[in-house]
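Topology and contacts: notes
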Amino acid sequence: MGSLLSPRVSVSTTGNNAKIDGVNDQLSLSPDEIKPARKSAGWKAAKTYSERGLIYEGKVEGFNGGGLLIRFYSLMGFLPFPQMSPYHSCKEPQKTIQEIARDLTGSVIQADEDKRRLIFSEKEASWSKFSNQINVGDTFQARVGSVEDYGAFVHLHFPDGSYHLTGLVHVSEVSWDLVHDVRDILTEGDAVRVKIINIDREKSRITLSIKQLEEDPLLETLDKVIHKDASVHTNSLDSNGSSVIEPLPWLETIIEELMQEEDIYDITISRQGFEKRVISQDLQLWLSNALASGDQFTLLARAGRQVQEIQLTTSLDQEGIKRALQRVLERVP
């Protein structure tokens, strides 16, 4: 029976000269026995490489429309183009994948003796070598690879000057603006700066963000959120000439729930404005970074282009307000 090797193989440096049990066993066999014995030893070696987490360094003997052909002892292996390291395309972006597909290093990720398939992945080898150099929160200069409907694959630029690992910037992490099409913002080859926000080491996946390296425009006061040439005003006047602002959808319910919290005395929507861009159609509620005035704090609410400034009178401190907001948001469907 053939050996099915896990696609999540950890690898470490070795080379063509590594001695693998069974590879030289055929030397004592007769000529008629050598060929099948060599194949059997080759599959045994493939299994050993996978189980021990070894890297096989093999020369490309050719390629077809889907990938590279690599000799592995007595076997011929296959390295699909998508499993090549980003190092090559980033180093020589003017060349085709066929032109730069030479002398690659890959790790065995699957071997199936019954189907006579041996598949390599250079990406897995790069992951093993370089993934221990990254952590959540790290920032990298990077280059955009392929751009899809759901986001962009971005190659990370390491201190040695090469691009070794690739991560995904999901469409929701591209910009604070509402992004309808990633291709309107990012193009293959673009230089960008990214932040690592998640690493799945079991699946060899990196999640990146571009927008988290920029300040959310709703972290300060309404005057900072709304540009000077945009409008900041009250919505209408009641019969007595007092200003009236219609709360954003769901905001009235949240205000009513907040008034039920202990040590919150009064809540008033004081001003509103309209942004030039749409961040999200969903209601977002934030505690402003603006300094409190006595017992009065400022909240900001956003939905679509509309932003409302809310004055909260309370004896709570900022952490107490955050906890109260969390409790309310858990109660409001």
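Anyway, here's the lowdown on the structure attached to this text. This is a predicted model, so every value here is computed, not measured.

**Describing the environment of R205**
Within the secondary structure, R205 is located in strand β11 (residues 205–209). Separated by 37 residues in sequence, R205 and L168 have C-alpha atoms that sit 8.1 Å apart.

**A short note on the pattern of salt bridges**
Here the structure, examined in full by the defined rule, presents 9 salt bridges. The closest approach of N and O atoms between K95 and E92, which form a salt bridge, is 3.1 Å. Relative accessible area serves as the criterion here: at 25%, E92 is assigned to the partly exposed category. The network of salt bridges with shared partners includes E257, E261, R327 and R331.

**A word on helix α4 (residues 122–130)**
Where burial is concerned, most of α4 is hidden: 7 out of the 9 residues are buried. Of the positions making up α4, those classed as buried are E122, E124, A125, S126, W127, S128 and F130. Of the residues flanking the start of α4, the one acting as N-cap is S121, its side-chain oxygen 3.4 Å from the backbone nitrogen of K123.

**A short note on unusual backbone geometry**
The phi torsion of most residues other than glycine is negative, and most of the peptide bonds are trans. A positive phi angle, close to 75°, is found at W250, a residue other than glycine. Here W250 lies in the loop between β14 (243–244) and α6 (251–258). In the Ramachandran plot, D263 falls in the positive-phi region, its phi being about 75° despite a non-glycine side chain.

**Some words on the nonpolar core**
By size, the foremost hydrophobic cluster in this structure holds 24 residues, and its most contacted members are V154, L156 and V194. Every element with two or more residues in this core is listed here: α4, β7 (139–148), β8 (151–157), β9 (163–170), β10 (191–200) and β11. Setting aside chain neighbours within four positions, we find V194 in contact with D138, T139, F140, A142, V154, L156, V169, L208, S209, I210 and L213. If you look at the next biggest cluster of nonpolar residues, it comprises 22 residues, including L251, L299, A301 and V332.

**Some thoughts on helix α7 (residues 318–331)**
Taking 1.5 Å of rise per residue, 14 residues should cover 20 Å, and α7 covers 20 Å from first to last C-alpha, within 8% of that figure. Taken together, the buried positions of α7 are G320, I321, A324, L325 and V328. What you see down the axis of α7 is that its buried residues fit within an arc of 135°, all on one side. In α7, the exposed residues that point more than 90 degrees away from the buried face are R323 and E330. Where α7 is buried, its residues contact α6, β15 (264–274), β16 (280–287), β17 (296–304) and β18 (306–314).

Quick notes on the rules
- Note that residues are indexed from 1 along each chain, following the sequence as it is written.
- Local features in this predicted model are restricted to residues whose pLDDT is 70 or higher, and side-chain atom pairs enter the listing and the counts only when it is 80 or higher, whereas totals over whole chains, interfaces and linings include all residues.
- Derived side-chain values reflect all non-hydrogen atoms in the structure, with water molecules and hydrogen atoms excluded from consideration.
- Only DSSP runs of H or I covering at least 4 residues are called helices, and only runs of E covering at least 2 are called strands; the numbering of each starts at the N terminus.
- By definition here, a salt bridge exists when the distance from a side-chain nitrogen of Lys or Arg to a carboxyl oxygen of Asp or Glu is within 4 Å.
- We call a residue buried when its accessible area falls under 20% of the maximum for its residue type, exposed when it is over 50%, and partly exposed in between, using a 1.4 Å probe and counting protein chains only.
- Counting of polar contacts relies on pairs of N or O atoms within 3.5 Å, with two restrictions inside protein: one atom must be capable of donating a hydrogen and the other of accepting it, and residues adjacent in sequence are counted only when both atoms are side-chain atoms.
- By nonpolar core we mean a set of buried residues, namely Ala, Val, Leu, Ile, Met, Phe, Trp, Tyr and Cys, connected to one another through side-chain atoms within 4.5 Å.
- In this analysis, two residues are considered to be in contact whenever any of their non-hydrogen atoms come within 4.5 Å of each other.
- Expected helix span is computed as 1.5 Å times (number of residues minus one).
- This arc is built from the directions going out from the helix axis to the C-beta atoms.

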